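# Secondary and tertiary structure notes
What follows is each chain in one-letter form.
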Amino acid sequence: MTTKDTGTPWRHARGDVAFAIVNYAGFVLFALVCGYPFYYLIINSISANDLSALGDVRLFPTGIHLENYTQIFGLPGLTGSLLVSIARTVIGTGATVLASAFLGFMFTQERLRHRSLWYRLVIFTMYFNAGLIPVYVTIHTLGLTNNFWVYILPAIVQPFNIILVKTYVESLPASLQEAAEIDGAGIVTIFFRIMLPNMTPILATVAIFSAVAQWNSFQDTLLYITDQRLYPLQYRLYTYLNQANSLAQAAQNAQGDLGAIASAATTQTPTSIRMTIAVIVVLPIIFVYPLFQRYFVKGIMLGAVKG
Amino acid sequence: MSLTQGAPREVLGARVPPGTGPAGALTGGGRGRRRGAKPHGKTSPYMFLVVCPFLVLVFVFSYLPLLGWVTALYDYKPALGLGGSEFVGLQWFEILVSSRTQLEQIGQVMVNTLAMSFLGIATSLLPLFFAMFLNEIRATWFRNTVQTLTTLPNFISWVLVYMIAFSLFSTSGLVNTTLHDWGLITVPMKFLDTDQHVWLTMLAWSLWKGVGWGAIMYLAAISGIDPALYESARIDGAGRFQLMRYITFPHLLPTFVVLLILSIANILNNGMEQYYVFQNAFNREYIQVLDLYVYNIGMTGNSLSLATVLSMLKSLISLALLMSANAIAKRVRGTSII
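Residues numbered from 1 in each chain as written. Chains lettered and ligands numbered in written order. Predicted model: local features only at pLDDT ≥ 70, side-chain atom pairs only at ≥ 80, totals over all residues. Heavy atoms only, no water.

## So, the overall build of chain B
Regarding its fold elements, chain B presents 16 helices and two strands. Split into buried and exposed, the 338 residues of chain B put 51% on the buried side. Across chain B, the fraction of contacts at a sequence separation of at least 24, relative to all contacts at a separation of at least 6, is 64%. When the accessible surface of chain B is totalled, it reaches about 15,500 Å², and 65% of it is carbon and sulfur. (Helix = DSSP H or I, 4+ residues; strand = E, 2+ residues; numbered from the N terminus. Buried < 20%, exposed > 50% of the residue type's maximum accessible area, 1.4 Å probe, protein only. Contact = heavy atoms within 4.5 Å. Areas by Shrake-Rupley, 256 points an atom, 1.4 Å probe, with all protein chains shown as cover.)

What follows is the structure, encoded as structure tokens:
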């Protein structure tokens with residue numbers, strides 16, 4: 001991201017040099033504390049499995065191999081979990097982006113009767129909810145437990161995103177829409193043909209926030225899903241963290257026919273399986289985040305604007 | 001609540017630099033701008049029809065559950081449905097205040113909840129100082145690298161945070177094996193499976209995840225401070241720390257106060273994910289915050305109705321807290337915060 005350089009102007013003096021050293025050192029330390037765990041996961045997932053199981057891979061990958069990534073998908077259900085994660089991220093993000101764009105736009109329209117009442121009702125849900133159990137009971141009654149759509153439907157209308165889009169639309173010139181209206185375009189046409197293309201910057205922010213939330217989501221599976229075929233990667237990783245025994249068994253299964261010829265360095269261990277899944281889960285974030293950092297930053301700045 | 005159209009807007013009391021897109025445009029306030037009004041200004045039922053499906057979604061997932069509050073009066077069993085469950089009146093409310101063990105348990109849960117919230121509030125100045133000191137660094141590449149690395153943890157799930165904690169701090173994790181290899185310990189130290197320092201450990205993980213990201217808003221606020229202020233203060237002979245103390249800090253304070261008031265309003269809402277993933281048989285007594293407790297007794301302890309009672313009380317108290325926080329903000333700052 002680019003922040004304007006407004007560092008306090010300073011003169012070169014002995015105290016300033018000492019300050020700079022301490023300051024730089026502090027931030028180097030904090031950045032390492034934040035960054036090293038990710039590096040640790042990655043080097044361990046590609047190092048010799050017998051070494052990583054002992055915790056001996058600390059600074060550099062040793063005995064590099066990619067067997068873990070080819071064998072991991074031999075684990076029962078893992079490919080399915082990857083597909084569930086991808087499906088909920090793609091469908092959920094698409095639905096939220098479209099809904100946020102449409103509602104954010106509609107809530108600026110005076111021709112919508114009781115517009116501010118509807119808007120308040122939507123925004124109020126940001127500050128108030130009936131509670132974990134009543135929501136669970138409702139979702140259960142609707143037949144959405146053990147149903148893929150429980151990942152999508154409750155997440156479609158996001159008040160925060162609607163605020164972002166609405167304030168953005170209000171900053172666009174009103175003449176955009178007026179011109180189309182004079183040409184006789186209906187509200188849906190105006191939305192899709194005129195407004196949507198002009199909203200892309202804010203929709204990128206909405207999309208990136210929503211995609212990360214969907215990819216990372218774990219609590220909805222915990223509450224509403226018992227069917228293993230609907231587990232996303234996050235939940236699969238959590239179960240592996242808590243089932244050391246079944247994991248060792250799974251490790252043997254994953255080995256399959258290769259078991260006989262595999263060396264100690266490529267034999268799957270509980271550690272290697274955990275590390276590899278963790279990297280698969282975190283890699284999209286690591287790659288996507290730096291590229292889209294400015295959208296995240298824009299989101300938090302706009303989000304600070306009152307509804 | 002000031003959700004009215006055209007109410008004065010501001011970015012949490014911070015000035016946003018011009019040229020940051022819509023945020024900059026917003027600070028001018030949206031007053032007087034009315035979009036999409038047809039010359040005759042009539043409302044159209046068709047407009048409502050196209051919005052309706054989304055309003056139904058909001059109603060179903062956010063307002064319909066309020067009906068679920070009646071389960072507090074039943075001995076609710078999901079398999080039987082509400083019709084088949086026994087009506088018990090205020091039995092759960094009585095249990096809540098009459099049973100001694102229940103009271104003690106809830107007492108401990110409240111202590112945990114408030115402890116985590118207050119520790120969070122006590123450390124809420126850290127992102128502000130992070131931003132102030134990072135701002136003192138001139139090398140842009142260094143600042144950007146630090147920012148990218150320190151905000152990254154905010155974007156991973158709590159499951160992954162626990163995975164990291166597990167691989168670093170379990171008895172066979174990196175820290176224990178390293179200390180062992182260096183001959184500093186002979187018996188692995190228990191960092192995770194212990195009832196010692198649970199609150200501090202939880203605080204440390206939420207700081208690890210949140211400080212870098214929390215600093216972003218302050219950094220943006222700093223870049224909105226008029227450079228002329230610094231120049232004139234420097235001409236008057238102010239040193240670095242005086243500039244930080246008398247110019248940067250006061251400009252960040254309004255943002256800080258708003259976030260502080262909001263976090264006081266959220267004092268009962270710790271969320272459950274962090275505590276759920278770190279929870280185990282050893283630390284359960286100190287890690288159960290209200291949100292986790294409601295989950296534990298409702299979803300695993302098979303008392304959905306008692307959990308509903310707690311959910312309900314929590315929602316109502318939180319709402320009352322938020323309203324009072326908002327009223328305080330209105331009185332102190334002249335504008336509401338929500």
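## A few points about helix α8 (residues 175-182) of chain A
Residue and element names in this part refer to chain A. Those residues of α8 not exposed but buried are Q177, A180 and E181. Within α8, the buried residues cover an arc of 100° as seen down the axis, which keeps them to one side. Residues of α8 that are buried sit in contact with α4 (78-106) and α9 (187-198). Positive backbone phi, at 85°, marks G184, one or two positions downstream of α8. (Arc of directions from axis to C-beta.)

## A word on the nonpolar core
In terms of nonpolar packing, the biggest core is built from 138 residues, with F105, V157, M199 and I277 of chain A together with Y276, V277 and F278 of chain B touching the most fellow members. Considering each element in turn, this core owes the most residues, 13 residues, to helix α14 (residues 270-303) of chain A. Shared between two domains, this core takes at least three residues from each, and those domains are domain 1 (14-75 + 231-303) and domain 2 (78-228) of chain A. In contact with V277 of chain B, other than residues within four places in its own chain, are F218 and Y238 of chain A together with W158, V159 and Y162 of chain B. The next biggest cluster of nonpolar side chains, apart from the first, holds 20 residues, and it includes F27 of chain A together with F130, Y218 and F256 of chain B. (Core = buried A, V, L, I, M, F, W, Y, C linked by side-chain atoms within 4.5 Å. Domains from an automatic or database assignment.)

## Thoughts on the side chain of N112 of chain B
Within the secondary structure layout, N112 of chain B lies in helix α5 (residues 100-122). Among the polar contacts made by the side chain of N112 of chain B, one reaches the side chain of W199 of chain B at a distance of 3.3 Å. (Polar contact = N/O pair within 3.5 Å; in protein donor to acceptor, adjacent residues only side chain to side chain.)

## Thoughts on the UniProt feature "transmembrane region" (unreviewed entry) in chain A
Here, the residues flagged by UniProt with the feature "transmembrane region" (unreviewed entry) are residues 21-42, 82-105, 117-136, 148-169, 190-213 and 273-292 of chain A. Across residues 82-105 of chain A, the secondary structure splits into 100% helix and 0% strand, with the terminal C-alpha atoms separated by 34 Å. (UniProt positions renumbered as here; feature names shortened; annotations may be inferred.)

## Details of the environment of W92 of chain B
Residues and elements named next belong to chain B. Here W92 is to be found in helix α4 (residues 91-98). Residue class for W92 comes out buried when judged on its relative accessible area of 9%. Taking the C-alpha atoms as reference points, W92 and V309, 217 residues apart in sequence, are found 7.2 Å from one another. With residues up to four places along the chain from it excluded, the contact list for W92 reads A72, Y74, D75, S303, S305, L306 and V309.

## Section: unusual backbone geometry
Residues and elements named next belong to chain A. With phi around 55°, H114 is a residue other than glycine that occupies positive phi space. Here H114 shows up in the loop between α4 and α5 (115-124). Backbone geometry places N146, a non-glycine residue, at a positive phi of 55°. Relative to the helices and strands, N146 is located in the loop between α6 (132-141) and α7 (159-171).

## Details of the packing of helix α12 (residues 240-265) of chain B against helix α16 (residues 304-333) of chain B
Two quantities define a packed helix pair, namely the angle between the helix axes and the distance between the axes. Residues and elements named next belong to chain B. Two elements in contact, α12 and α16, have axes separated by 8 Å at closest approach and are oriented at 155°. If you check the angle between α12 and α16, you find them roughly antiparallel. Between α12 and α16 lies a crossing whose hand is right-handed. In contact with V258, I261, L262, I264 and A265 of α12, α16 contributes S318, L321, L322, A325, A329 and R333. When grouped by side-chain class, the residues that make up the contact of α12 with α16 number nine nonpolar, one polar and one charged. (Axes fitted to C-alpha atoms, helices over the stretch in contact; angles between N-to-C directions. Parallel < 35°, antiparallel > 145°, perpendicular 65-115°, else oblique. Left-handed = near helix turned anticlockwise from the far one by under 90°. Nonpolar A, V, L, I, M, F, W, Y, C, P; charged D, E, K, R; others polar.)

## Some details on the interface of chain A and chain B
With 113 residues of chain A at the contact, the number on the chain B side is 112 residues. Together chain A and chain B conceal approximately 11,300 Å² of surface at their shared face, both sides included; 70% is due to carbon and sulfur atoms. The interface formed by chain A and chain B includes two salt bridges. Between D16 of chain A and R240 of chain B there is a salt bridge, and its shortest N-O distance comes to 3.6 Å. Between chain A and chain B we count 10 residue pairs in polar contact (both at pLDDT 80 or more) in total. Per element, the largest residue contribution to the side of chain A that touches chain B is 16 residues, and it comes from helix α1 (residues 14-45) of chain A. (Buried area = accessible area lost by both parts, 1.4 Å probe. Salt bridge = Lys/Arg side-chain N within 4 Å of Asp/Glu carboxyl O.)

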